[in-house]
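Listed here are the chains, written in short residue letters.
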Amino acid sequence: MILGIECTAHTFGVGVVEKGKILANVKDMLTTESGGIIPLESAKHHTRVAEVIYKEALKKAGINEIDIKAIALSNAPGLAPCLLAGMKFAKSLAEKIKIPIVPVNHCIAHLEIGKTAGASDPVLLYASGANTQIIAYAAGKYRIFGETLDIGVGNFIDKFARHAKLGFPGGPKIEELAKNGKYLELPYSIKGMDVSFSGMATKLQQLYNKGEKLEDLSFSLQETVFAMLVEAAERALAHTGKKELVLGGGVACNSRLQEMCRIMCRERGAKFYCPAKEFLVDNAAMIAYLGEIMFNAGIFESVEKIDIKPRERTDDVDVKWRYGYRKLRSL
């Protein structure tokens, strides 16, 4: 029985997993009517809701504290104040129950949870707020084959939404507006499997200030950005020789991105997988899911050894659980 804690950005969540089965996935997300997310305010939000979310998760899973064998903590990467708030709660709980903590990389958890949709060895198109990466397993690590050269795709979308006074998060509002728009040409910047959004962000703001319809700008944004992501993902499939593509991250909830990925995979004879929406957005179930895999492989730490790693890259993690590693130990 593994308890997962998600705390990397705007969402605080608690999930419970037993033998690969998700028993609970409870979360609370900080939203705003205008502007974006301030890390310190988000951290205060995490501290405020942690106990309530934790108790709700236990109730939903139908378990007691004493049933928990380890806590899986999303300690990397993320906003430092948010990570600290989550770590403080996790350490307090671990000391109380006298159990170890499993340090989980948030980005890798997005890929591993794709297995619940049926994927086995996929390329991951990871599209979230701060992260835009194309990831696949090779030679003992999850390698980044392509990524953003400036800002994450979700942050790019939210930046335009703030400029258009749509509030946070902006993605769902942009998707709705795009349904009634027509195409306007925007900068298309892709270099190999890397992408760049800053030029498009400037152009969108300029067009908005000139009075172009928000519906047209939203439609053009989606068509251009998602075409870039799908092109890069297809190149990764060709480069790695893998036959599966899985989506991850909050932006992956967009139905148009899913449709474009599905078409690309069908045309090249690859399989397309997309986890349920609750596992695409930031969530603790995926942290607990990967945490259980790591714990069973003997990968965990005592409370005093756990720390946050705000800038840990996906390919910094030695994926020991993928190649039969088993660390026998006692705390």
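Residues numbered from 1 in each chain as written. Predicted model: local features only at pLDDT ≥ 70, side-chain atom pairs only at ≥ 80, totals over all residues. Heavy atoms only, no water.

1. So, helix α2 (residues 80-97)
Right, so step 1: With 18 residues, α2 should reach 26 Å at 1.5 Å per residue; the first-to-last C-alpha distance of 25 Å fits that figure.
Right, so step 2: Taken as a whole, α2 has its buried residues at Cys82, Leu83, Ala85, Gly86, Met87, Phe89, Ala90, Leu93, Ala94 and Ile97.
Right, so step 3: Contact partners of the buried residues in α2: β1 (2-6), β2 (11-18), α1 (39-61), β4 (70-76) and β5 (101-105).
Right, so step 4: Once α2 finishes, Lys98 follows within two positions and takes phi at roughly 65 degrees, a positive value. (Helix = DSSP H or I, 4+ residues; strand = E, 2+ residues; numbered from the N terminus. Expected span 1.5 Å × (residues − 1). Buried < 20%, exposed > 50% of the residue type's maximum accessible area, 1.4 Å probe, protein only. Contact = heavy atoms within 4.5 Å.)

2. Topic: the packing of helix α4 (residues 153-163) against helix α6 (residues 198-209)
Right, so step 1: Orientation of α4 relative to α6, taken along the N-to-C sense of each, is 20 degrees, at an axis distance of 10 Å. Accordingly, the angle class assigned to the pair α4 and α6 is roughly parallel. The two elements α4 and α6 cross, and the hand of that crossing is right-handed. Contacts between α4 and α6 pair Phe156, Lys159, Phe160 and His163 from the former with Met200, Ala201, Leu204, Gln205, Tyr208 and Asn209 from the latter.
Right, so step 2: Taken together, the residues of the contact of α4 with α6 break down into six nonpolar, three polar and one charged. (Axes fitted to C-alpha atoms, helices over the stretch in contact; angles between N-to-C directions. Parallel < 35°, antiparallel > 145°, perpendicular 65-115°, else oblique. Left-handed = near helix turned anticlockwise from the far one by under 90°. Nonpolar A, V, L, I, M, F, W, Y, C, P; charged D, E, K, R; others polar.)

3. Quick word on the packing of aromatic side chains
Two descriptors summarise a pair of aromatic rings, namely the distance from one centre to the other and the angle between the planes of the rings.
Right, so step 1: With the rule as written, the count across this model stands at six aromatic pairs.
Right, so step 2: On the numbers, 5.9 Å between centres and 85 degrees between planes, the contact of Phe12 with Phe89 is edge-to-face. Linking Phe12 in strand β2 with Phe89 in helix α2, this pair joins segments that are 77 residues apart in sequence.
Right, so step 3: Given the relative accessible area of 13%, Phe89 is considered buried. (Phe/Tyr/Trp six-rings, centres within 6.5 Å; stacked < 30°, edge-to-face > 60°.)

4. Some thoughts on the nonpolar core
Right, so step 1: Core analysis: the largest hydrophobic core is formed by 47 residues, its most contacted members being Leu125, Phe156, Val225, Leu229 and Leu245.
Right, so step 2: Breaking this core down by element, the ones donating at least two residues are β6 (123-127), β7 (132-138), α4, α6, α7 (214-240), β11 (244-248) and α8 (255-268).
Right, so step 3: For this core, the leading source of residues is α7, giving 12 residues.
Right, so step 4: The residues touching Phe156, leaving out its near neighbours within four places in the chain, are Ile151, Phe197, Met200, Ala201, Leu204, Leu221 and Val225.
Right, so step 5: Counting 33 residues, the second-largest nonpolar core is a separate cluster that includes Tyr126, Ala285, Ile287 and Tyr289. (Core = buried A, V, L, I, M, F, W, Y, C linked by side-chain atoms within 4.5 Å.)

5. Focus on empty space enclosed by the protein
Remark: the empty space left among the atoms is shown by a probe the size of a water molecule rolled over them.
Right, so step 1: Evaluated as defined, the whole model comprises one cavity of 30 Å³ or more.
Right, so step 2: Quantified by volume, the largest cavity comes out at close to 40 Å³.
Right, so step 3: Residue lining of the largest cavity: Leu125, Thr132, Gln133, Ile134, Gly146, Glu147, Met193, Val195, Leu229 and Ala232, and that is the complete set.
Right, so step 4: For the lining of the largest cavity, the secondary structure elements donating two or more residues are β7, β8 (141-147) and α7.
Right, so step 5: Per element, the largest residue contribution to the lining of the largest cavity is three residues, and it comes from β7.
Right, so step 6: Its residues assigned to classes, the lining of the largest cavity shows six nonpolar, three polar and one charged. (1 Å grid on protein atoms, 1.4 Å probe; cavity = no way out; pocket = protein on both sides within 12 Å on 5 of 7 lines; lining within 4 Å. Points joined across faces, edges and corners; volume = space filled by probe spheres on them.)

6. Details of the side chain of Asn254
Right, so step 1: By the element assignment, Asn254 lies in the loop between β11 and α8.
Right, so step 2: The class of Asn254 is buried, set by a relative accessible area of 6%.
Right, so step 3: A polar atom in the side chain of Asn254 sits 2.8 Å from the side chain of Gln222.
Right, so step 4: Once residues within four sequence positions are removed from consideration, Asn254 is found in contact with Glu175, Gln222 and Phe226. (Polar contact = N/O pair within 3.5 Å; in protein donor to acceptor, adjacent residues only side chain to side chain.)

7. Digging into α4
Right, so step 1: Listing the buried residues of α4 in full gives Val153, Gly154, Phe156, Ile157, Asp158, Phe160 and Ala161.
Right, so step 2: In the core, the buried residues of α4 are packed alongside β6, β7, α5 (171-178), α6 and α7.

8. Focus: the packing of α7 against α8
Right, so step 1: At a minimum axis separation of 10 Å, α7 and α8 run at an interaxial angle of 35 degrees. Crossing of α7 against α8: the hand is right-handed. Taking contact as the criterion, the partners of Gln222, Glu223, Phe226, Ala227, Val230, Ala233, Glu234, Leu237 and Ala238 in α7 are, on α8, Arg256, Leu257, Met260, Cys261, Met264 and Arg268.
Right, so step 2: When its residues are assigned to classes, the contact of α7 with α8 shows 10 nonpolar, one polar and four charged.

9. A short note on the state of the cysteines
One covalent bond between the sulfur atoms of two cysteine residues makes up a disulfide.
Right, so step 1: Counted according to the given criterion, the structure contains zero disulfides.
Right, so step 2: We note that Cys107 lacks a disulfide partner, and the nearest cysteine sulfur, in Cys7, lies 13 Å from it.
Right, so step 3: In this structure Cys253 is a free cysteine whose sulfur lies 7.5 Å from that of Cys274, the closest cysteine sulfur available. (Disulfide = S-S within 2.5 Å.)

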